[in-house]
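Spelled out from the first residue to the last, the chains are:
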Amino acid sequence: MRSTPLPRMSRRGRVTVGVLAGVFVLFTLLGWGVQAWTDWLWFEEVRYTQVFTGVLVTRLLLFLAIGAGLALFVGGNLWLAYRLRPALRPHSLEQATLERYRMLLTPRIGTWFSLTAAVFGLFAGLSAQSRWNQWLLFRNGGDFGVKDPEFGVDVGFYVFQLPFWRYLLGVGFTAVVLALLGALAVHYIFGGVRLQGVGDRMTNAARAHLTTLVAVFVLLKAVAYVLDRRAMLLEYNEGAKLYGAGYADVNALLPAKEILAYISVVVAIAIIVFSNAVMRNLVWPGIALALLGVSAVAIGGIYPWAVQTFEVKPSARDKEAPYIERSIGATRAAFGLIDTKTTGYAANNLTPPASLATDTSVVPNVRLLDPQLVSETYTQLQQVRGFYDFGPKLDIDRYSVANKTADYVVGVREINYGELTQNNWINRHTVFTHGYGLVAAPANQVVCGGQPYFVSGFLGEKAQEACSSQAEQIPASQPRIYYGERMGANDYAIVGQSDKSRNAEFDRPTPTTGGEQYYTYTGEGGVEIGSFTRRLLYAIKEQESNFLLSGAVNDNSRLLYVRNPRDRVEKVAPFLTLDGDPYPAVVDGRIQWIVDGYTTAATYPYAERVNLQTETADELTNRGTFQLARENVNYMRNSVKATVDAYDGTVRLYEFDESDPVLKAWNKAFGGDLVLPKNAIPAELAEHFRYPADMFKVQRNMLTKFHVTDPGDFYSGQDFWQVPNVPDAPDSGQKQPPYYLFTQFPGQEAARFQLTAAVTPNGRQNLAALISGSYVDGQPKLEVLELPDQTRVSGPVQVHQQMTNNANIRQQLNLLSSNQAQVQYGNLLSLPFGDGMLYVEPVYVKSNQQDAYPLLQKVLLSYGDGGSYVVLADNLTDGIKQLVDQGKRAGQGTPPPSTGGTNPPPTGGPSPPPTGGPNPPLTDELAAAADRVQTAIAEVKAAQTSGDFERYGRALKALDEAMTAFQQAQQAAPPAPAPSGSPPASPGPTASN
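Residues numbered from 1 in each chain as written. Predicted model: local features only at pLDDT ≥ 70, side-chain atom pairs only at ≥ 80, totals over all residues. Heavy atoms only, no water.

Taken over all residues, the pLDDT of the protein has a mean of 86, while the share at 70 or more is 87%. pLDDT under 50 marks residues 898-920. Its contacts with residues more than four places away, or in other chains, come to 70 contacts. Segment residues 976-993 is flagged for pLDDT under 50; beyond a separation of four residues in sequence, or across chains, it makes 17 contacts in the model. (pLDDT = per-residue confidence, 0-100. Contact = heavy atoms within 4.5 Å.)

Right, let's talk about a nonpolar patch on the surface for a bit. A contiguous nonpolar surface patch, about 710 Å² in accessible area, is contributed by Leu104, Trp112, Leu115, Val119, Phe120, Leu122, Phe123 and Leu126. For the nonpolar patch, the element with the highest residue contribution is helix 4 (residues 109-129), accounting for seven residues. Along the polypeptide, Leu115 turns up in helix 4. (Patch = residues over 30% accessible without salt bridge, like charges linked within 9 Å, V, L, I, M, F, W, Y side chains within 5 Å. Areas by Shrake-Rupley, 256 points an atom, 1.4 Å probe, with all protein chains shown as cover. Salt bridge = Lys/Arg side-chain N within 4 Å of Asp/Glu carboxyl O. Helix = DSSP H or I, 4+ residues; strand = E, 2+ residues; numbered from the N terminus.)

The next point concerns the pattern of salt bridges. What the rule picks out here adds up to 32 salt bridges. Across the pair Lys241 and Glu238 runs a salt bridge, and its minimum N-O distance is 2.5 Å. Among the residues examined, Lys241 registers a relative accessible area of 45% and is labelled partly exposed. Of the residues examined, Glu238 reaches a relative accessible area of 49% and is grouped as partly exposed. Note that Lys393 and Asp581 form a salt bridge whose closest N and O atoms lie 3.2 Å from each other. (Buried < 20%, exposed > 50% of the residue type's maximum accessible area, 1.4 Å probe, protein only.)

By the definition in use, this model includes 45 aromatic pairs. For the ring pair Phe656 and Phe689, a centre distance of 5.9 Å and an interplane angle of 90 degrees mean the geometry is edge-to-face. Taken together, the positions of Phe656 in the loop between strand 24 (651-655) and helix 18 (661-669) and Phe689 in the loop between helix 19 (683-686) and helix 20 (693-706) put the pair 33 residues apart, joining distant regions of the chain. When its relative accessible area of 3% is taken as the criterion, Phe689 is described as buried. Among the aromatic residues, those joined into a ring-pair cluster are Trp135, Phe138, Phe164, Trp165 and Tyr167. Over the ring of Tyr388 we find Arg413; its NZ or CZ atom is 6.0 Å from the centre of that ring. A cation sits over an aromatic face here: Lys641 above Phe689, 5.3 Å from the ring centre. (Phe/Tyr/Trp six-rings, centres within 6.5 Å; stacked < 30°, edge-to-face > 60°. Lys NZ or Arg CZ within 6 Å of the ring centre and 35° of its normal.)

Topologically, Arg229 is positioned in helix 7 (residues 204-231). On the accessibility criterion, Arg229 (17% relative accessible area) is buried.

Applying the stated criterion across every chain, the model contains one disulfide. A sulfur-sulfur distance of 1.8 Å marks the disulfide that ties Cys448 to Cys467. A torsion of -105 degrees about the S-S bond marks the disulfide between Cys448 and Cys467 as left-handed. Residue Cys448 is located in the loop between strand 10 (446-447) and strand 11 (451-452), and its partner Cys467 is located in the loop between strand 11 and strand 12 (480-481); the two are separated by 19 residues in the primary sequence. Owing to a relative accessible area of 31%, Cys448 belongs among the partly exposed residues under this scheme. Its relative accessible area of 16% is what places Cys467 among the buried residues. (Disulfide = S-S within 2.5 Å.)

Quick look at the sheet that holds strand 17 (residues 558-560) now. The strands making up a sheet associate through hydrogen bonds between their backbones, and the pairing can be parallel or antiparallel. One open sheet accounts for three strands, arranged 13-17-16; its pairing is antiparallel. Two strands in the sheet have a free side with no partner beyond their single neighbour: strand 13 (493-495) and strand 16 (527-528). The sheet contact formed by strand 16 and strand 17 spans two bridges and is antiparallel. Paired with Val527 across the strands is Leu559, a residue of strand 17. (Pairing = 2+ DSSP bridges.)

In helix packing, the relevant descriptors are the interaxial angle and the interaxial distance, both defined with respect to the helix axes. Where helix 2 (residues 49-83) meets helix 4, the closest approach of the two axes is 7 Å, and the angle between their N-to-C directions is 150 degrees. By the angle class used here, helix 2 and helix 4 are roughly antiparallel. Where helix 2 crosses over helix 4, the handedness of that crossing is right-handed. Here Arg59, Leu62, Phe63, Ile66, Gly67, Leu70, Ala71, Val74, Gly75, Leu78, Trp79 and Tyr82 of helix 2 lie close against helix 4, whose contacting residues are Ile109, Phe113, Thr116, Ala117, Phe120, Gly121, Leu122, Ala124, Gly125, Leu126, Ala128 and Gln129. For the contact of helix 2 with helix 4, a count of residues per class yields 17 nonpolar, six polar and one charged. (Axes fitted to C-alpha atoms, helices over the stretch in contact; angles between N-to-C directions. Parallel < 35°, antiparallel > 145°, perpendicular 65-115°, else oblique. Left-handed = near helix turned anticlockwise from the far one by under 90°. Nonpolar A, V, L, I, M, F, W, Y, C, P; charged D, E, K, R; others polar.)

It is worth spelling out the sheet that holds strand 9 (residues 438-442) at this point. Pairing in this open sheet of three strands is antiparallel, and the strands run 5-6-9 from one edge to the other. What marks the edges here is a single partner per strand, and that holds for strand 5 (395-401) and strand 9. Each strand axis lies, on average, 45 degrees off the axis of its neighbour in the sheet, ignoring direction. In terms of strand pairing, strand 5 meets strand 6 (residues 404-412) through seven bridges, oriented antiparallel. From the neighbouring strand, Tyr399 faces strand 6, where its bridge partner is Ala406. Docked against the sheet, helix 12 (residues 374-382) engages strand 6 and strand 9, running at close to 120 degrees with respect to strand 9.

The next thing to look at is the environment of His187. Tracing the sequence through the fold places His187 in helix 6 (residues 155-189). For His187, a relative accessible area of 1% translates into the label buried. Residues His187 and His209 lie 22 residues apart in sequence; the distance between their C-alpha atoms is 9.7 Å. Apart from the residues lying within four places of it in its own chain, the contact partners of His187 are Ala81, Leu84, Gly192, Val193, Ala206, His209 and Leu210. Within polar-contact distance, the side chain of His187 engages the side chain of His209 at 3.1 Å. (Polar contact = N/O pair within 3.5 Å; in protein donor to acceptor, adjacent residues only side chain to side chain.)

At a minimum axis separation of 11 Å, helix 11 (residues 321-334) and helix 20 run at an interaxial angle of 160 degrees. Classified by the angle their axes make, helix 11 and helix 20 are roughly antiparallel. As for the relative orientation of helix 11 and helix 20, their crossing is left-handed in sense. Contacts between helix 11 and helix 20 involve Ser327, Ile328, Thr331 and Arg332 from the former and Met702, Leu703 and Phe706 from the latter.

Residues of helix 16 (residues 565-572) that are buried include every one of Pro565, Arg566, Arg568, Val569 and Val572, and no others. Across the axial projection of helix 16, the buried residues extend over an arc of 160 degrees, all falling on one side. With a side-chain oxygen positioned 3.0 Å from the backbone nitrogen of Arg566, the residue opening helix 16 is Asn564. (Arc of directions from axis to C-beta.)

Let us now look at helix 14 (residues 532-542). Within helix 14, burial applies to Arg535, Leu537, Tyr538 and Ala539. Positive phi appears at Gln543, one or two residues downstream of helix 14, with a value of about 50 degrees.

Before going further, it helps to spend a moment on the pairing of strand 9. Most of strand 9 sits inside the fold, with five of its five residues counted as buried. Of the two faces of strand 9, the one lined by Leu438, Ala440 and Pro442 and the one lined by Val439 and Ala441 are each fully buried. Pairing of strand 6 with strand 9 involves five bridges; the strand directions are antiparallel. Paired with Gly411 across the bridge in strand 9 is Val439.

Attention now moves to the environment of Ala330. Assignment of secondary structure puts Ala330 in helix 11. In the structure, Ala330 is positioned 86 residues away from Gly244 in sequence and 9.5 Å away in space, judged by C-alpha atoms.

A separate point is the side chain of Gln824. The residue Gln824 is located in strand 30 (residues 821-825) in this model. The class for Gln824 is buried, based on a relative accessible area of 16%. Setting aside chain neighbours within four positions, we find Gln824 in contact with Leu373, Pro842, Val843, Tyr844, Lys846 and Pro854.

Before going further, it helps to examine the environment of Val193. Residue position: Val193 is located in the loop between helix 6 and helix 7. Residue Val193 is classed as buried on the basis of its relative accessible area, which comes to 10%. Residues Val193 and Ala206, 13 residues apart in the sequence, show an inter-C-alpha distance of 7.0 Å.

Written out as structure tokens, the structure reads:
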């Protein structure tokens, strides 16, 4: 039967297809070429070309090695199957049908095989090049100096070697399966395998070829069983609810894997021998494969299940205890928790001590400014121009001013390109190129009705505002911000002028004259784009013709791009996981961005595996911070402190953890000098290092469970903790963020700058412990103040509710809020003091008027169990005094007042007389005091209506003074005669409404 030949494409069609394919390849290669060239120029600018070449060469080699290897293996087997085709084929309808395909393939059989192999090799190579990080660690990784508890193998094998071995094994399986399927197809098309006709269904050559591939697959399965034995230490143990091999795994599944590995080798040999040397059929090889499958189910599945069900579950606490202990130890080691110092804190003092009023280590350093809330205040008071912006959240750092160290709320005045009035290409990229100044205010001080006291970042030589320092207390010799957090991927800047006398960049407004100053960049940052070739290159990259046409681009022009500090460090060190909250600091007169870098791994045996995005998410995520990627890790170290100069973009990587094997491997992979040694860190820079927030969140979350080190107690889970929700919005489900404080905790020799967080018992809201992270002599130090199990001290959510639900305080808060204003709560700080717990929560008020900003108006304070001693004061000093007075009254046997602070009367008149006795006679002094209260209440109402918060603050202060005078007049008034049959009223202080 003669087959009909397939129609051929016309010459015009072939030309059209060729042209289209050529254009596609040209533009694809052009895009890749432009991207590679501009990347090289950028890496050359930052002087990290070894990263560019190292990653690029590694990707290319992996692409070629894996892609070519798989292509040769698959192509070779296709060719071998063709060479082993039978010379004669029995006549049948099946063979007649296949003849047309043989006629199509045979003339260009080499081309078809090469094309097929090339396609498979292309996809394999593309997959392989993405494994460049695994290969570099495989080549350069060393030992951890720690051995796994089951096999005694160094942890370095699991972190550096195992991931790449498993990948290579996967490539091997893929290659064998593709070769087997391809060879089977070729044998079928060319008659080596037949479904119809007389005689054998498979030639000897085809049988030998295909069974050999099957045997290779089974041998690879034996290798997989061997690697699986090691990988079991990374799997989830359902019995103990932890990671790592448990009782059933070690005593049943582990030996089962070993047995299955031996069976696989025997089956592979049996397949080859019985198929080709003894019986020469597929019956016994099929039986061998079936036995392997049955063995895998019985030995590797049913037997471990039976052990888990009938032996482990009835006594899981005892059976799993040794393996729980392994997981606890490995997790604490992998996340840096081994050296955590845990100290008991009785917190048994529920009465405010008198020493609160004279304290010099905790109370004076209480942070009142919330960096999230006052960012609006910074923007409104320090913005000057509408396009300046401080972002949605500021940062906390500490500085020594006048020989006194304190924490400051800091932010940089950056350009918000979305707010430019004329947002054209010239303005966006050549005129408004940079921000100006690091603005700082002491974190424990407010002025002018609740405003921050600004001490730096002024646009002129001296501050023009009456509520600011008159001179720079944190001076920066180069205050310009060319690199900042508010700059996106497309916010590049073109700087440099050919005419040195003409400044084209807007620098800053001049408040004294009302004019503006302009500037020309003089730094070394940026890529030179003076030549026509460079302009053309970046015109293609940015798809912007102005690089070629605009007169703003000249022979001296430089292009500044990748201007976000975090993006800049990520490009220089792609192997690091970066903290989501970079922060600025003035170091040696220059503004430096400090970015914490983490080395991570996901194959530390027996360690708990967590998702970084989930573990670091809280109320502040994406509010001035960056959300981390969904990366699963079970090892984490803060190994690198990176800096980015805000003026010229210089990036430096400093080694911070000198013992981290992962960082050593990466440094070795890129030549050994990529990361500067720890002793190269400038002393002034080291003073601004702070415990990184995301690392602390992960460690805090780990400590909620892994502070329990007894396996039995861990299994029961009764002593676990939890991170509380945001105190003022507990139903939101968002976790309370940790907060930076410059303070001294019990057991510490002096005040430290530390990151702290409160935790509560799992399922309850009372306080369980305070966790803090700080640096001592340049080394990270985690500390836990653990309260007794049955403590009466309330947790953050309870304390906030108790303070704000107090009847008198609620009345005052209602006065602060109205239709024209809203109350906002700052950080609720938990401070251990005097064998008790002091809680401080600033209260801000923000008008609903346009461009209004929050002002600190009151401070909530509580001591002890959170409900007995509560005050709402105008400031921290008054609040502490009132708490101490309450404590003194309690010591004299008089119960504390139901309100802990100033207590305005109900609207419409003075407060009623104390309950429990007759009204005192209305003397002239008492009447005058009542009139003064009435006048103060009227002024509060008027100030609320006007929306003037400075006036409102003065009115509240006047009302507080009037109430105090009224209470004094009440006490000074002569007592009224007691009613008949009643004893005289007992002297002493009265409880106010």
